[in-house]
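# A closer look at the structure
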Amino acid sequence: DQQVKQNSPSLSVQEGRISILNCDYTNSMFDYFLWYKKYPAEGPTFLISISSIKDKNEDGRFTVFLNKSAKHLSLHIVPSQPGDSAVYFCAATRLGGNMLTFGGGTRLMVKP
Amino acid sequence: DAGITQSPRHKVTETGTPVTLRCHQTENHRYMYWYRQDPGHGLRLIHYSYGVKDTDKGEVSDGYSVSRSKTEDFLLTLESATSSQTSVYFCATSPSSGRAGETQYFGPGTRLLVL
């Protein structure tokens, strides 16, 4: 049973608009969450993270929101750019733990 | 970015043959990981290492073994390849485990096809 789920396999948005990628988790022991971005034929690269003691973390155009009661996090990209077109993976772990648990990924397409 | 290379980058093999994938890092990171990526499943951890000769199983370790004789190298072996092991394999490293702000750095991947 998947402990981290990204229910939207794909998302298409217009350049300049907001992209919202969603992620749900079931394991209440997770307390640290990350988003990775992956281009074709490359390995994933770290994008942004959030600890469970926060409900928001912002880095430039990227903001991650965490709703612990709903076990839900989201990644907002504003404004979206064509270069943001990639697969985005949500991941979760326990601080001090060795393993990341990944969601299935969401393919974002930003149209010019 | 951490200097992580994987070899080979592409491989086609036949069912029942052994296959070894290599991950090499130049960052002196303590932790190394092997993942497989399959559609709908994201990345799933196969095995990881927390030091030379120290390894442990991940979520999908059946049919795989690993070895780490040097800090910089982490080998993944498919003892007898099966078609279900057709996948893209990623190696990752991290300087330590789980501390806030630290992440895993991924290699470029190896695409394996088992016929």
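Residues numbered from 1 in each chain as written. Chains lettered and ligands numbered in written order. Predicted model: local features only at pLDDT ≥ 70, side-chain atom pairs only at ≥ 80, totals over all residues. Heavy atoms only, no water.

## Observations regarding the packing of aromatic side chains
To keep it simple, the criterion reads: Ring pairs are drawn from Phe, Tyr and Trp, using the six-membered ring of Trp, whenever the two centres fall within 6.5 Å, and their geometry is named by plane angle: stacked under 30 degrees, edge-to-face over 60, tilted for the rest. Each residue gets one of three labels from its accessible area relative to the maximum for its type: buried under 20%, exposed over 50%, partly exposed in between, using a 1.4 Å probe on protein chains only.
Applying the stated criterion across every chain, the model contains 14 aromatic pairs over all chains. Centre to centre, the rings of Tyr 48 of chain B and Tyr 50 of chain B are 6.3 Å apart; their planes meet at 50°, and the pair counts as tilted. Tyr 48 of chain B sits in the buried class, given a relative accessible area of 5%. Take Tyr 50 of chain B: its relative accessible area is 31%, and that puts it in the partly exposed class. Through pairs of rings, three or more aromatic residues link up here, namely Tyr 36, Phe 46, Phe 89 and Phe 102 of chain A together with Tyr 31, Tyr 33, Tyr 35, Tyr 48, Tyr 50 and Phe 106 of chain B.

## Concerning the sheet that holds strand S3 (residues 19-25) of chain B
Residues and elements named next belong to chain B. Defined as follows: For two strands to be treated as a pair, DSSP must find at least two bridges joining them. Under the DSSP-based scheme used, a helix requires at least four consecutive residues in state H or I and a strand at least two consecutive residues in state E, with every element numbered from the N terminus. Axes, fitted as lines to C-alpha atoms, cover a helix only where it is in contact. Angles between the N-to-C directions of the axes lie from 0 to 180 degrees.
Here we have four strands laid out as an open sheet, ordered S1-S3-S8-S7, and antiparallel in their pairing. Looking at strand neighbours, the two that pair on one side only are strand S1 (4-7) and strand S7 (64-70), the edges of this open sheet. Going across the sheet, the axis of each strand differs from the next one's by a mean of 20°, ignoring polarity. Here S7 pairs with strand S8 (residues 73-78) via five bridges, running antiparallel.

## So, the sheet that holds strand S3 (residues 19-25) of chain A
Residue and element names in this part refer to chain A. Read across the open sheet, the five strands follow the order S1-S3-S8-S7-S6; overall the sheet is antiparallel. The sheet is open, and its two borders are formed by strand S1 (4-5) and strand S6 (56-59), each paired with just one other strand. Pairing analysis gives two bridges linking S1 to S3, with the strands arranged antiparallel. Bridging across to S3, Val 4 finds its partner in Tyr 25.

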